[in-house]
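Listed below are the residues making up each chain.
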Amino acid sequence: GKYFYTKMQCSILQIDGVNLMKKELLYFPLAFALQGCATDPSSPDYPISQSDVHAQTYTYVDLDGSKDELWKKARNYIASAYGDSKAVLRVEDENSGTLIGKGIIKWKMLTSSLSPYCYSEYDIRFVSKDNRARLQLELLAGVPSISECVAWPLPSKYGYQQITDKFLQISSELEISL
């Protein structure tokens, strides 16, 4: 997409008692003001709809460990990957092998190099059994308070691809730690 840039700064100069208007054109990306204006549904910059959002489920089999050992390894991974498992996890049930939490993920809104970065929340669900486990990550609609993309409750197609790629990376790192 093409973006137009404009900003006018006006100042008044006084020369020999005559006021003159001085105009200076400075440029800034209008893309920030036009957030959400992609009109071609096939464009990667076009926002996705709720029906485009699917839970990403990753199943790990033939693992070496009991339900409790795998649960502890997953909790330790979350603590190291997210910095603080207490801030992320809402449920830590070792007896059932369950971890439930919420994360925040960063994504670039548009394919343009001038595009801002946005944030979205996602659910984290982990369940362990003896020698196997399952992770489910699901994007949530809405705009977290830290995001500047207030008009984007769901990402663009381009942003959603970044999110699913990051989910796959999280799954791969978790699998290594299990």
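Note that this is a predicted model, so its numbers are computed, not measured.

Below, the discussion takes up the overall build of the chain. From N to C terminus, the chain includes three helices and seven strands. Moving toward the C terminus, one meets the helices and strands of the chain in the order β-β-β-α-α-β-β-β-β-α. Within the chain, the fraction of its 178 residues that count as buried is 34%. For the chain, the proportion of contacts with a sequence separation of at least 24, taken over those separated by at least 6, is 58%. Counting only carbon and sulfur atoms, one obtains 52% of the accessible surface of the chain, whose full area is about 10,600 Å².

A cluster of like negative charges, contributed by D64, D68, E69 and D130, occupies part of the molecular surface. Assignment of secondary structure puts D64 in the loop between strand 3 (56–60) and helix 1 (67–82). Judged by its relative accessible area of 71%, D64 falls in the exposed class.

This brings us to the sheet that holds strand 7 (residues 132–139). Taken together, five strands build an open sheet; the order of strands is 3-7-6-5-4 and the sheet is antiparallel. The two strands at the open ends of the sheet, each matched to only one other strand, are strand 3 and strand 4 (89–93). Sheet twist, expressed as the mean angle between neighbouring strand axes with direction ignored, is 25°. Pairing between strand 4 and strand 5 (residues 98–108): four bridges, direction antiparallel.

A few words on unusual backbone geometry. If you check the backbone angles, D62 has positive phi at about 55° while not being a glycine. With respect to the helices, strands and loops of the structure, D62 is situated in the loop between strand 3 and helix 1. With a relative accessible area of 74%, D62 lands in the exposed category. Even without being glycine, N131 reaches a positive phi, approximately 65°. You can see N131 is positioned in the loop between strand 6 (117–129) and strand 7. Judged by its relative accessible area of 38%, N131 falls in the partly exposed class.

Before going further, it helps to spend a moment on the environment of N76. Mapped onto the fold, N76 is located in helix 1. Here N76 falls in the partly exposed class, since its relative accessible area comes to 45%. In the structure, N76 is positioned 101 residues away from S177 in sequence and 8.7 Å away in space, judged by C-alpha atoms.

It is worth spelling out the pairing of strand 5 at this point. Hairpin connection, strand 4 to strand 5: the antiparallel pair is bridged by four residues, and G97 has positive phi, about 75°. Here strand 5 pairs with strand 6 via eleven bridges, running antiparallel. Paired with L99 across the strands is F126, a residue of strand 6.

Reading the values: the criteria
- Residues numbered from 1 in each chain as written.
- Predicted model: local features only at pLDDT ≥ 70, side-chain atom pairs only at ≥ 80, totals over all residues.
- Heavy atoms only, no water.
- Helix = DSSP H or I, 4+ residues; strand = E, 2+ residues; numbered from the N terminus.
- Buried < 20%, exposed > 50% of the residue type's maximum accessible area, 1.4 Å probe, protein only.
- Contact = heavy atoms within 4.5 Å.
- Areas by Shrake-Rupley, 256 points an atom, 1.4 Å probe, with all protein chains shown as cover.
- Patch = residues over 30% accessible without salt bridge, like charges linked within 9 Å, V, L, I, M, F, W, Y side chains within 5 Å.
- Salt bridge = Lys/Arg side-chain N within 4 Å of Asp/Glu carboxyl O.
- Lys, Arg positive; Asp, Glu negative; His and termini not counted.
- Charge placed at Lys NZ, Arg CZ, Asp CG, Glu CD.
- Pairing = 2+ DSSP bridges.
- Axes fitted to C-alpha atoms, helices over the stretch in contact; angles between N-to-C directions.

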